Amino acid sequence: MKSLRQAFCLFSAGLLVMLAGCAGIPPESEPIDHGFRFQEITKESGIDFIHEKDTFDEKLARINPWFASTGAGVAVADYDRDGFMDLYFVNSKRGSKNVLYRNRGDGTFQEVAEQAGVANTNQEGIAQAAVWLDADNDGYSDLFVGKWGKSQLFHNNGNGTFTEVTEKAGVGYQGYVNKAITLDYNRDGLLDLYLGCYFRETDNLWNSATTKVLYDDFERARNGGRNVLYRNNGDGTFTNVAKETGVDDPGWTLATGSADINNDGWPDLYNANDFGPDMLYLNEKGKQFKPVVQKRGVGDDTFKGMNVDFADLFHDGKLAFFVSNISKPTYLLEGNQLWHENEQGQYVDRAQELGVIHSGFTWGGKFLDVDNSGNFSLAIANGFISANPDKDYWFDMGILATTPGNVVEDTKNWTPFEDKSMSGYEPKSLFLNQAGKMRDVAQEVGITFRDDARGVAAVDLKNEGVLDLVYANQGAPARVYKNIHTNQHNWIKLDLVGRAPSNRDAVGARVTFTIDGVKTVMEKDGGNSHGAQSDPRLHLGMGKATRVSSISIRWPSGRVQVLENVAANQILRIEEPDTAVPTR
Amino acid sequence: MNMIKRLDPRYLILAFLLVFVTVGQLYLGFFQKWSAVFTSVGFAVATELFFFRLRKIRQFPISAIISGLGISLLLSSDEGWPYALAAVLAISLKHLIRYKGQHIFNPNNIALVFMLYMLPEYAVSTPKQWTNGYEVMVLILLLGFVASYSAKRLDTVLAFLVSFVVFALGRSVFFDHPWLWSLGPVLGASFQLFTFFMITDPKTTPPTRKARIWFAVAIAFIDAIMRVLSITNSLFYAAFWVTLLVGIPYRYWRSKRAVEIEGK
């Protein structure tokens, strides 16, 4: 059959070439000096984690690779407060163990999950997401593990160990969490949790009563698991307030992110939903969230949202947000979205204009100042299922995409996945911001692996003033890339510590840097982007500038603090001042 | 029915496509925006007028409007130029590739084949379903039947639909494909546009009922083979190959036979 297909293709090609001329094949990228490059240091750093995938109910087995296509994730925090960022990887096979790599500070790591008490989360259910948060404002990062099954919360004891407090805290949500973030939505100084959920919480993928467990629409599905907003009550317990605040989104959420999109001082939410419209929720003073739907624009898409991350890409104080989607030549060219609010309050998709629209089957996307230029670039984790490279499920999927929802939702109408690939072995992308245009330089700077990546975290592993990259890959080894700079650019890094009524992690703090007359806004986030939580410190490059003219911090409490004439190339630990709190 | 029969079928097809476009833009959130519609139609009309001038034809470019609308529905691209290129190709090839004064290939079909095969990184065929429900689909089907009846090509449509279903059943039985998956394309937007709009083109389908039925069955058969081989966009390729390998020899045979009959 393969030879028949090749014969057909050759015949067609011969005929069409007469009409078209030869189609050019771009040459492979050569290493180019961009002032920085990446070197893989996974092995020498001692990180040997390999993510594992699970299997599901026999009734659903024909598309098991589809079900087992998410879960790889990495979360970054300095859990032991030694000044160096540690890495926690989640695993997604029942019986497998998560790993916690303690950063020794010399470029090597020590795996300590077992003794720390955070390894065994996959006895019942499987881990799919993790987020560090200081839930009790004691100065130590606690750990929430979002699962397919019962999610778990681990309290950091401050001595290198953790105690599970799931039951006491009341955060043992039983469902299918694919992303967890933290935010202080009501600005009470306590970090809350928002969980993006995928499958319906009423289904059991390991012992399924039905084969109808999927999307009831390829473009407008709203029959997924309802998202959860756990409000931190301040007494060690949490309450799910998703319904009363209006964010119990039943879309098939693969990623959720939070930022103060409309700059009113209250953190908003964006859900990147698979097989249906994403949801943008604007926070109404911590009481409720209001959905924003703009015709043919934000909240009205029919794409396969898988990621959201925010950055002041245009230096205008308006956070642009990157939403990843799918591009596959021949089959589907939906492309990524880059939403940016215009003067009329409309969110305009500028992905095409900037050149970030296509990056394959895109999952995690993280903005970072990769070259310390003062501009945000974008690292991408992509690739779906890499199996037999000679077999492709895209043809099967292309047919399903044209069938009505009641056909799609039933797995028995799907052709067996077998050992087929689907958007597998994709080269990664790193969109370098060059004077307002973004160009994919991943291959040129040394990021050449082709595993199915899910998340990418930006983290300064040795506190050297550069952002390294850590990739969490599905059913594949994690990979660590050291960022080597040759451009002599300067930088500044802020380690923010909030004071009540701010949360201690200062999640939601909004900082405006002014460098050489250029203003850049950064917010401290609570784990935005699919499959990863990045370095919690705010890192911004300064180019050749040697001093930051001013750093203005709007703390979550509303207090404003201004620092002026700050020297470059330092990690600045800033504690929120004990001044009067403005009226809200 | 008589009124429908008397009407120039192209106006019904135009109405049919305008309903597709309008419903798609206003209610169904089509991937293609208005700009794609205007680009396709604009370039198709401009190209048509250029060739009209070259060939000294004075005529309202209704066929070009139909072609432009069809391209804007059948093609999906995040850029504007593929719509323009497809429209220019469709109309140009219609005027350039002719036999006995008539164009050979359905303009949109050959343009689609070119775009989908040569430029798959920039354009794909619309991978859509009408809202994933059945209500809009039923409306589209009804309009399609009326339009094809008006164009006197209902036989072609029915032959194609029946043979596609039969081959789908065969694929399901012999290749163990889920039945609804095999039948699935019938429920998709591209398939319906292809069935009611492309293979009903009076200029590029055979003049006799018997030949049209065989034409439709042949397309469905080639399509089924390509589906077994996992070749995507098989409908468009199948129509292209059938026109090339069967349609052209058939036309040659018919014209030769007509000359022989006249000679007698």
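Up top is the structure.
Here the structure is a predicted model, which is why all the values come from computation and not from measurement.

(A) Looking closely at the overall build of chain A. The helix and strand tally for chain A stands at nine helices and 40 strands. A compact globule built from 584 residues would reach a C-alpha radius of gyration of about 25 Å, and chain A, at 23 Å, matches this within 12%. For the C-alpha atoms alone, the extent of chain A along its principal axes is close to 75 × 55 × 50 Å. The proportion of buried residues among the 584 residues of chain A is 63%. Across chain A, contacts joining residues at least 24 apart in sequence account for 62% of those joining residues at least 6 apart. If you sum the accessible surface of chain A, you get close to 20,000 Å²; carbon and sulfur atoms cover 50% of it. A gap of 1 Å separates the mean positions of the 59 positive and 79 negative side-chain charges of chain A.

(B) Structural context of the overall build of chain B. Each helix and strand counted, chain B has 12 helices and four strands in total. For chain B, whose C-alpha radius of gyration is 18 Å, the value lies close to the compact-globule estimate of 18 Å for 264 residues. When its C-alpha atoms are laid out on the principal axes, chain B stretches across 55 × 45 × 40 Å. Across the 264 residues that make up chain B, the buried fraction comes to 59%. Sequence-distant contacts, at least 24 apart, represent 73% of the contacts inside chain B between residues at least 6 apart. On chain B, roughly 11,700 Å² of surface is accessible, and the fraction owed to carbon and sulfur atoms is 68%. Where the 25 positive side-chain charges of chain B centre and where its 12 negative ones centre are 12 Å apart.

(C) Looking closely at the packing of aromatic side chains. All names here are of chain B. For the coordinates displayed, the defined rule picks out 55 aromatic pairs over all chains. Judged by centre distance (6.3 Å) and plane angle (45°), the ring pair of Phe160 and Phe164 falls under tilted. Pair noted here: Phe160 and Phe164 are both in helix α8 (residues 154-175), with a separation of four residues, about one helical turn. Taken as a pair, Phe160 and Phe164 share a single burial class, namely buried.

(D) Fine view of the sheet that holds strand β31 (residues 468-473) of chain A. Residue and element names in this part refer to chain A. Within the open sheet, the four strands sit side by side as β1-β32-β31-β30. Their pairing is antiparallel. The outermost strands of the open sheet, each flanked by one partner alone, are β1 (36-40) and β30 (453-459). Across the sheet, the mean angle from the axis of one strand to that of its neighbour is 25°, orientation sign disregarded. Across three bridges, the pairing between β31 and strand β32 (residues 479-485) is antiparallel. By the bridge assignment for β32, Leu469 is matched with Tyr481.

(E) Local environment of the layout of surface pockets. Residues and elements named next belong to chain A. Of the voids in this model, the second largest pocket is the one considered here, and its volume is about 830 Å³. Along its surface, the second largest pocket is lined by 49 residues, and Lys524, Asp535, Pro536, Arg537 and Leu538 are the ones closest to its centre. Mapped by element, the contributors of at least two residues to the lining of the second largest pocket are β2 (73-77), β6 (126-133), β14 (252-259), β18 (308-311), β24 (362-368), β33 (490-497), β35 (518-523) and β37 (538-543). Its residues assigned to classes, the lining of the second largest pocket comprises 22 nonpolar, 11 polar and 16 charged.

(F) Highlighting a nonpolar patch on the surface. Residues and elements named next belong to chain B. Together, Val165, Leu169, Val173, Phe174, Phe175, Trp179 and Leu180 give the surface a local cluster of nonpolar side chains, amounting to about 670 Å² of exposed area. Going through the elements one at a time, α8 and α9 (179-183) are the ones with two or more residues in the nonpolar patch. With five residues, α8 is the largest single contributor of residues to the nonpolar patch. Within the secondary structure layout, Val173 lies in helix α8. Since its relative accessible area comes to 57%, Val173 is described here as exposed.

(G) Quick look at the sheet that holds strand β23 (residues 347-349) of chain A. All names here are of chain A. Spatially, four strands are ordered β18-β19-β22-β23 in an open sheet, and the strand pairing comes out antiparallel. With one partner strand each, in any of the chains shown, β18 and β23 form the two edges of the open sheet. Averaged over all adjacent pairs, the angle separating strand axes in this sheet is 25°, with direction ignored.

(H) Quick peek at the side chain of Gln152 of chain A. Residue and element names in this part refer to chain A. Within the secondary structure, Gln152 is located in strand β8 (residues 152-156). When its relative accessible area of 10% is taken as the criterion, Gln152 is described as buried. At 3.1 Å, the side chain of Gln152 forms a polar contact with the side chain of Glu164. Ignoring anything within four residues of it in the chain, the contact list for Gln152 reads Thr121, Leu143, Phe144, Val145, Lys147, Glu164 and Thr166.

(I) Region of interest: the pattern of salt bridges. One pass over the structure, following the stated rule, counts 34 salt bridges over all chains. Residue Lys391 of chain A is joined to Asp419 of chain A by a salt bridge in which the shortest nitrogen-to-oxygen separation is 3.2 Å. In this pair, Lys391 of chain A sits in strand β26 (residues 388-392) while Asp419 of chain A sits in the loop between α9 (405-408) and β27 (420-421), placing the two residues 28 residues apart along the sequence. On the accessibility criterion, Lys391 of chain A (36% relative accessible area) is partly exposed. With a relative accessible area of 31%, Asp419 of chain A lands in the partly exposed category. A salt bridge links Asp155 of chain B to Arg212 of chain B, with the shortest nitrogen-to-oxygen separation between them at 2.7 Å. Placement of Asp155 of chain B in helix α8 and of Arg212 of chain B in helix α11 (residues 209-228) is noted, with a sequence separation of 57 residues between them. Like Arg212 of chain B, Asp155 of chain B is buried.

(J) Quick look at the pairing of β33 of chain A. All names here are of chain A. Across the eight residues that make up β33, a large majority, seven, are buried. One ladder, built from five bridges, connects β33 with β37; its direction is antiparallel. Paired with Asn490 across the strands is Gly543, a residue of β37. Summarising the sheet, β33 and strand β40 (residues 570-575) pair through six bridges and their orientation is parallel. Along β40, the bridge assignment pairs Lys493 with Ile571.

Conventions adopted
- Residues numbered from 1 in each chain as written.
- Chains lettered and ligands numbered in written order.
- Predicted model: local features only at pLDDT ≥ 70, side-chain atom pairs only at ≥ 80, totals over all residues.
- Heavy atoms only, no water.
- Helix = DSSP H or I, 4+ residues; strand = E, 2+ residues; numbered from the N terminus.
- Rg over C-alpha atoms; globule rule 2.2 N^0.38 Å.
- Buried < 20%, exposed > 50% of the residue type's maximum accessible area, 1.4 Å probe, protein only.
- Contact = heavy atoms within 4.5 Å.
- Areas by Shrake-Rupley, 256 points an atom, 1.4 Å probe, with all protein chains shown as cover.
- Lys, Arg positive; Asp, Glu negative; His and termini not counted.
- Charge placed at Lys NZ, Arg CZ, Asp CG, Glu CD.
- Phe/Tyr/Trp six-rings, centres within 6.5 Å; stacked < 30°, edge-to-face > 60°.
- Pairing = 2+ DSSP bridges.
- Axes fitted to C-alpha atoms, helices over the stretch in contact; angles between N-to-C directions.
- 1 Å grid on protein atoms, 1.4 Å probe; cavity = no way out; pocket = protein on both sides within 12 Å on 5 of 7 lines; lining within 4 Å.
- Points joined across faces, edges and corners; volume = space filled by probe spheres on them.
- Nonpolar A, V, L, I, M, F, W, Y, C, P; charged D, E, K, R; others polar.
- Patch = residues over 30% accessible without salt bridge, like charges linked within 9 Å, V, L, I, M, F, W, Y side chains within 5 Å.
- Salt bridge = Lys/Arg side-chain N within 4 Å of Asp/Glu carboxyl O.
- Polar contact = N/O pair within 3.5 Å; in protein donor to acceptor, adjacent residues only side chain to side chain.

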